[in-house]
Amino acid sequence: MKKIMNDTVRRETAAHVNTLEFTLENIVRMTQSELKQAVKHELEARAYRPISKKGFLYAEGELPVLLVAHLDTVHKTPVRDILYSKDGRLIMSPEGIGGDDRCGVHMIMEILHQARCHVLFTEDEETGCQGARAFANSKIRPSINYIVELDRRGGNDAVFYQCVNPEFTDFICSFGFVEARGSFSDISVIAPRLGVAAVNISAGYYNEHSRHEYINLLEVECNITRVSEMVQSQTEQYDYIERSYSHSFGQMSFEDASLWDFSDFSQGKNRCKWLMPLPDTARLALGGYETSEIDAHLIDSSGEVYRYLPELDAAIHSENAQAHSRTGEPLVYDRKQARRLQVLPLETAFELLGP
């Protein structure tokens, strides 16, 4: 009897999800599994033939471009209340709005109204790009010229990670995007496996991974228009050309630079910050995986994580690292335990440390 009741509930839930209007407001309210089902249903309604596997949902398109977004968020509580700014431009939620990366899902579905691209929606990106790895290890090999991921904060960034194809960079930036630096995302796994260049484009969200996250709806709409124009432009295939490094320090080689972000510092002067060592009770995650190497790490007053380089008595910023207490709460910053350290761009640190 219990199984019959559960099956009935599941069928009713599925029917409800399938009849929802596919708006951003509805997308942010769904769980990952509900959203995967809803996207599949919507793609079928648009005459796609989606392939649903553990970890991802893929559908072949007509234009030689693969659009990528992930279905999960870091927030454990589904969105109930959505709050709008007075001018209607910004939305957020007390539960965490989940723009990272529900904005990307919404943008892709809107782009498909104008451009029938290949699409890939991954699961569990926030816990180590698990869905992207499942897709990369599958036998699916779409015939595409390049990849566009929509999973970057802000409104105007284009992040290429370890892919350095100048012609591809010029093409993407010709649509008004500005090259920025990032640490790691789904395309860091997918692009090398498919052998084509990839970019992560801003999806209009801010303050990701926090309850203060918000979405700029105007930037979302603007980038839907720009990416739609981009993917409909005729291009050649852009090869994935991987950045090569020769420097190393400590246990980490420059090939591991995906764990470190130098977006804030690569263009400007060195700066100093008050940084506090992580307490012994802290937990540290790098690239989605927990590590016990907390001794060499520090945080600033906002909770951003840095790695200490004793050889230089300086630090480098790590965007893809997250530190928290054993119970998962944010760490309490104590200025009395902090000291003022120079924060170097990653490239400068490697030059100073030498080969």
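Everything below is about the structure shown above.
Residues numbered from 1 in each chain as written. Predicted model: local features only at pLDDT ≥ 70, side-chain atom pairs only at ≥ 80, totals over all residues. Heavy atoms only, no water.

Trainee: Which parts of the structure should I look at to understand unusual backbone geometry?
Mentor: Excluding glycine, most residues fall at negative phi; most peptide bonds, likewise, are trans. In this model, Asp 100 is joined to Asp 101 through a cis peptide bond whose omega is 10°. Inspection of the secondary structure puts Asp 101 in helix α4 (residues 99-111). The residue Ala 47 is not glycine, and still its phi comes out positive at about 70°. Here Ala 47 is to be found in the loop between α3 (32-45) and β1 (51-53). Look at His 209: it is not a glycine, yet its phi comes out positive at around 65°. (Helix = DSSP H or I, 4+ residues; strand = E, 2+ residues; numbered from the N terminus.)

Trainee: Got a minute to help me understand the nonpolar core in this structure?
Mentor: One recurring pattern in soluble globular proteins is that nonpolar side chains are buried together. Counting 78 residues, the largest nonpolar core has Val 39, Leu 43, Leu 67, Phe 121, Ile 147, Val 148 and Ile 172 as its most contacted members. In contact with Leu 43, not counting residues within four places along its chain, are Tyr 48, Pro 50, Leu 57, Ala 59, Met 109, Leu 112, Val 119 and Phe 121. With twelve residues, the next largest nonpolar core counts Leu 286, Ile 294, Ile 299 and Leu 331 among its residues. (Core = buried A, V, L, I, M, F, W, Y, C linked by side-chain atoms within 4.5 Å. Buried < 20%, exposed > 50% of the residue type's maximum accessible area, 1.4 Å probe, protein only. Contact = heavy atoms within 4.5 Å.)

Trainee: Help me understand the pattern of salt bridges in this model?
Mentor: Side-chain pairing between opposite charges can occur once the charged atoms of the two side chains come close. Tallied over the full model, the rule gives nine salt bridges. Of the charged contacts, one joins Glu 62 and Arg 116 as a salt bridge, the two residues approaching to 3.5 Å between their closest N and O atoms. Of this pair, Glu 62 sits in the loop between β2 (56-59) and β3 (63-70) while Arg 116 sits in the loop between α4 and β6 (117-122), and the two are 54 residues apart along the sequence. A salt bridge links Arg 152 to Asp 157; the nearest nitrogen and oxygen atoms lie 3.0 Å apart. For Arg 152, a relative accessible area of 6% gives the class buried. (Salt bridge = Lys/Arg side-chain N within 4 Å of Asp/Glu carboxyl O.)

Trainee: Even after reading the chapter, I still don't get the sheet that holds β6, so can you show me in this structure?
Mentor: Within the open sheet, the eight strands sit side by side as β1-β2-β6-β3-β7-β10-β8-β9. Their pairing is mixed. Here the strands that pair on one side only, and so sit at the sheet edges, are β1 and β9 (178-180). This sheet shows a mean twist of 25° between the axes of neighbouring strands, independent of strand direction. Both β1 and β2 contribute to a ladder of three bridges, which runs antiparallel. Within the sheet, the bridge partner assigned to Ser 52 lies in β2 and is Leu 57. Across the face of the sheet, helix α8 (residues 217-231) comes into contact with β3, β6, β7 (146-152) and β10 (198-202) while running at roughly 170° to β7. (Pairing = 2+ DSSP bridges. Axes fitted to C-alpha atoms, helices over the stretch in contact; angles between N-to-C directions.)

Trainee: Honestly, the packing of aromatic side chains in this entry has me stumped. Any pointers?
Mentor: Under the counting rule described, the total for this entry stands at ten aromatic pairs. Their ring planes at 50° and their centres at 5.2 Å tell us that Phe 168 and Tyr 238 sit as a pair that is tilted. Placement of Phe 168 in helix α6 (residues 166-173) and of Tyr 238 in the loop between α8 and β13 (248-249) is noted, with a sequence separation of 70 residues between them. What makes Phe 168 buried here is its relative accessible area of 0%. Three or more aromatic residues link up through ring pairs in this structure, and these residues are Tyr 146, Phe 160, Phe 168, Phe 171, Phe 175 and Tyr 238. A cation over a ring is seen here: Arg 116 above Tyr 48, with NZ or CZ 4.0 Å from the ring centre. Directly above the ring of Phe 177 sits Arg 226, whose terminal nitrogen or CZ lies 3.9 Å from the centroid. (Phe/Tyr/Trp six-rings, centres within 6.5 Å; stacked < 30°, edge-to-face > 60°. Lys NZ or Arg CZ within 6 Å of the ring centre and 35° of its normal.)

Trainee: When you look at the environment of Tyr 146 in this model, what are you seeing that I'm missing?
Mentor: Within the element layout of this structure, Tyr 146 appears in strand β7. Residues Tyr 146 and Val 199, 53 residues apart in the sequence, show an inter-C-alpha distance of 8.3 Å. If sequence neighbours within four positions are ignored, Tyr 146 has contacts with Pro 64, Val 65, Leu 66, Phe 168, Phe 171, Val 196, Ala 197, Met 230, Val 231, Thr 235 and Tyr 238. For Tyr 146, the side chain forms a polar contact with the main-chain oxygen of Met 230, separated by 3.3 Å. (Polar contact = N/O pair within 3.5 Å; in protein donor to acceptor, adjacent residues only side chain to side chain.)

Trainee: In this structure, what is going on with the packing of α4 against α8? I would like to understand it.
Mentor: What describes two packed helices is the angle between their axes and the distance between those same axes. Interhelical geometry of α4 versus α8 gives an angle of 50° and a closest axis separation of 10 Å. In terms of orientation, α4 lies oblique with respect to α8. Note on packing geometry: the crossing formed by α4 with α8 is right-handed. Only Val 220, Glu 221, Asn 223, Ile 224, Val 227, Ser 228 and Val 231 of α8 make contact with α4, whose side of the interface consists of Cys 103, His 106, Met 107, Glu 110 and Ile 111. (Parallel < 35°, antiparallel > 145°, perpendicular 65-115°, else oblique. Left-handed = near helix turned anticlockwise from the far one by under 90°.)

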